[in-house]
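Fold and contact review
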Amino acid sequence: LSLPFVTSLMFIFDEAPAVFHETQLQDTGLVMMLLFSGFISFGISLSSFWCVKSTSPTTYSITGSLNKIPLAFVGMVIFDTPATPSNVFSVLLGLVGGVLYSWTKQKHLSKATKETKEASRSDDVEVDIEISSRSGRDVDEGAKPLNHVTFPHSSFGTKTPVIGYSSKQSID
């Protein structure tokens, strides 16, 4: 997003010739690494959007925060940073917050799943209607229009109408 702004500043302050004649920018390996880095960053952005779409912005944010906790711990071990009470408290507070969020979310999801299962146990709903073609004749000889529509439950809890013609008078 800042590329147009930086490019315009390059031309305003007459730095463009110096940038374009930089010898390191002529190196194919560097250009390939810059392009590779750009593609990887683009992929990370797409996966971030997918995660937010699949979960929620709050879950994505909590996950982003929780991944810093192991990093802080590994940083203390690798760089031999002393474990002060404030460092330990910060790591523990982050862990407790993440566990509490996960537990609350799981409890909410299990309650919603239980309610969905109870709602899906009810019988199919049938509605009496009359179905006929525009000409008033059946679709083919011997086929009788169904007198009712059944709304079966799907695995997602939605009801989809099933309408059709049959040579029998009942739905199998």
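As a starting point, this report considers the structure included with it. This one's a predicted model, so the numbers in the text were calculated from it and none came from an experiment.

1. Here we look at unusual backbone geometry
- We note that D14 has phi near 60°; this positive angle belongs to a residue other than glycine.
- Residue placement: D14 occurs in the loop between α1 (3-12) and α2 (16-20).
- On the accessibility criterion, D14 (60% relative accessible area) is exposed.
- Despite not being glycine, D80 has its phi angle at roughly 50°, a positive value.

2. Topic: the side chain of T59
- Positionally, T59 belongs in helix α4 (residues 57-66).
- Residues within four places of T59 in sequence aside, it is in contact with Y101 and K105.

3. Structural notes on a nonpolar patch on the surface
- A contiguous nonpolar patch, built from F5, V6, L9, I12 and F13 and spanning about 520 Å² of accessible area, is present on the exposed surface.
- Along the polypeptide, V6 turns up in helix α1.

Conventions we followed
- Residues numbered from 1 in each chain as written.
- Predicted model: local features only at pLDDT ≥ 70, side-chain atom pairs only at ≥ 80, totals over all residues.
- Heavy atoms only, no water.
- Helix = DSSP H or I, 4+ residues; strand = E, 2+ residues; numbered from the N terminus.
- Buried < 20%, exposed > 50% of the residue type's maximum accessible area, 1.4 Å probe, protein only.
- Contact = heavy atoms within 4.5 Å.
- Patch = residues over 30% accessible without salt bridge, like charges linked within 9 Å, V, L, I, M, F, W, Y side chains within 5 Å.
- Areas by Shrake-Rupley, 256 points an atom, 1.4 Å probe, with all protein chains shown as cover.
- Salt bridge = Lys/Arg side-chain N within 4 Å of Asp/Glu carboxyl O.

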